[in-house]
Amino acid sequence: MASTKKTAKRIGILTAGGDAPGLNAAIRGFGKAAIGHYGMELVGFLGGVRGLAENRFIDLDSKALSGILTVSGTLLGTSRDKVHKMTVDGEVRDMIPTIVENVEKDGLDGLVCIGGAGTAKNAQRLAKAGLNVIHLPKTIDNDIAHTDTSFGFSTALGIATEAIDRLHSTAHSHHRIIVVEIMGHRAGWLALGSGIAGGADIILLPEIPYSVDKIVESIQRRASHGANFSVVAIAEGACDVETARDLAAADALIGQADNAEGKAAAKKHKKALEAAHRGNAFALASQLEAATGLEARVTVLGYVQRGGTPDAEDRLLGTLLGGAGADLVARGEYGVTVASQHQRAVPVPLKDVAGQVKMVPLDHPWIEAARHVGTGMGD
Ligand code: F6P
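Cut-offs applied
- Residues numbered from 1 in each chain as written.
- Predicted model: local features only at pLDDT ≥ 70, side-chain atom pairs only at ≥ 80, totals over all residues.
- Heavy atoms only, no water.
- Helix = DSSP H or I, 4+ residues; strand = E, 2+ residues; numbered from the N terminus.
- Contact = heavy atoms within 4.5 Å.
- Pairing = 2+ DSSP bridges.
- Axes fitted to C-alpha atoms, helices over the stretch in contact; angles between N-to-C directions.
- Expected span 1.5 Å × (residues − 1).
- Buried < 20%, exposed > 50% of the residue type's maximum accessible area, 1.4 Å probe, protein only.

Peer 1: Could you clarify how one ought to interpret the side chain of Arg176 in this entry?
Peer 2: Among the secondary structure elements, Arg176 is positioned in the loop between helix 6 (153-174) and strand 8 (177-182). Excluding anything up to four places from it in sequence, Arg176 contacts Ala171, Asn228, Phe229, Ser230, Glu295 and Arg297.

If you want it as structure tokens, here you go:
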């Protein structure tokens, strides 16, 4: 810890966005250091930023933080609300002024927002409105800029890997293609990591648009060597070359729009493209079945990837970043994400994190490793 000096700060904490293993470890990591080491008072807002807007909170004392390290989910609850666009009584409202008022009314010196990329944006909006905010990076997607890893990723990686292991034996026994859809939002970290660790034969990522013909070639190549089954790990954001082109064109339209209506229409168009793309794993399985003559099945891993007990790494990371967050708050260093870089907790300005997506770089060693062992990448 940076200092043993006691302060009497009163801090609010919340968890927002999709849940992930390690959230309670981070609440505990921050809380134990804040209360036990720095003598701060801690309150926990319920249900993410909605609880902040509605001023619903509970006192968090040492007793409340005890026994939660290994517990899944988040003891505070979560939501996917946006602070500047929240539906309240059927109306979309900017809740930032209400939140600022609540924070003042509650006598809070600072706010800790634990969450993913969306939460970083919320935190940045609140920081811009003058609040003392820090952000702790959580997400199974591992797509937060400037942090090597976010907590939740390691556990999800283990779950997805085990699922691929299990799918292997059934694919092999039935001589089938199994297409397994893996979460990750727009990034391929989870599919790539679990695909390599689980020995998937083909891994499809948003970062590498695929061609169905290339996947068919990989499957046929395997069949020609006597392997008449294949496991295809597809990231939920992966798409074929044509769809990727359409999405890139839609992004360009959003960028070029010179007024609010134009931008809204371009965004609507992109949303429609993304909606049409959902369930892509099923379409791909049908195409592969038709082209190879092998039966194909789909498994969507879905929310099992986010649930359950955090593994050792996520407990460790949540505790490390939580404790470092308390050091920053004690020093009055706000407006940052507490990133993990080379095993250290490093404060990175929120403005550099919010709105960024950490995709898998095409020269990442994991991609090279996959190619080295002959994994098809659909290109
Ligand atoms: O961000 C975590 C994540 O699980 C993504 O992988 C996935 O795209 C998304 O959340 C699902 O969101 P929701 O919980 O809103 O269905």
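Structure shown, so let's carry the discussion forward.
Peer 1: Explain the sheet that holds strand 8 to me, please; I cannot follow it from the model alone.
Peer 2: Either a parallel or an antiparallel arrangement is found when strands of a sheet pair, and the pairing is made through backbone hydrogen bonds. The strand order 9-10-8-11 describes an open sheet built from four strands, whose pairing is parallel. Each of the sheet's edge strands pairs with one partner strand only, and the pair in question is strand 9 (202-204) and strand 11 (296-300). Strand-to-strand, the axes of this sheet are offset by a mean angle of 20°, without reference to chain direction. Bridge analysis of strand 8 against strand 11 gives five bridges, and the strand direction is parallel. Looking across to strand 11, one finds that Glu181 is bridged to Val300. Set on the sheet, helix 11 (residues 280-292) makes contact with strand 8, strand 9, strand 10 (230-235) and strand 11; between it and strand 8 the angle comes to about 160°.

Peer 1: Would you mind going over the sheet that holds strand 13 (residues 344-349) with me for this structure?
Peer 2: Sheet architecture is open: seven strands sit in the order 3-2-1-6-7-12-13, paired in mixed fashion. Sheet topology places strand 3 (57-60) and strand 13 at the edges, where each strand pairs with a single neighbour. Going across the sheet, the axis of each strand differs from the next one's by a mean of 30°, ignoring polarity. Alignment of strand 2 (residues 41-45) against strand 3, held across four bridges, turns out to be antiparallel. Looking at the pairing, Gly44 lines up with Ile58 of strand 3. Docked against the sheet, helix 5 (residues 117-128) engages strand 6 (110-115) and strand 7 (133-137), running at close to 170° with respect to strand 7. Across the face of the sheet, helix 12 (residues 312-331) comes into contact with strand 1 (10-15), strand 7, strand 12 (336-341) and strand 13 while running at roughly 140° to strand 12.

Peer 1: Hey, could you run me through helix 5 in this one?
Peer 2: An α-helical segment advances 3.6 residues per turn. Residues three or four places apart therefore align on the same side. Over its 12 residues, helix 5 runs 17 Å from end to end, which matches the ideal 16 Å to within 8%, given 1.5 Å per residue. Those residues of helix 5 lying buried are Thr119, Ala120, Asn122, Ala123, Gln124 and Leu126. Residues of helix 5 that are buried make contact with helix 2 (49-53), helix 4 (96-105), strand 6, strand 7 and helix 13 (350-353). Looking one or two places after helix 5, you find Gly130, whose phi comes out positive at around 105°.

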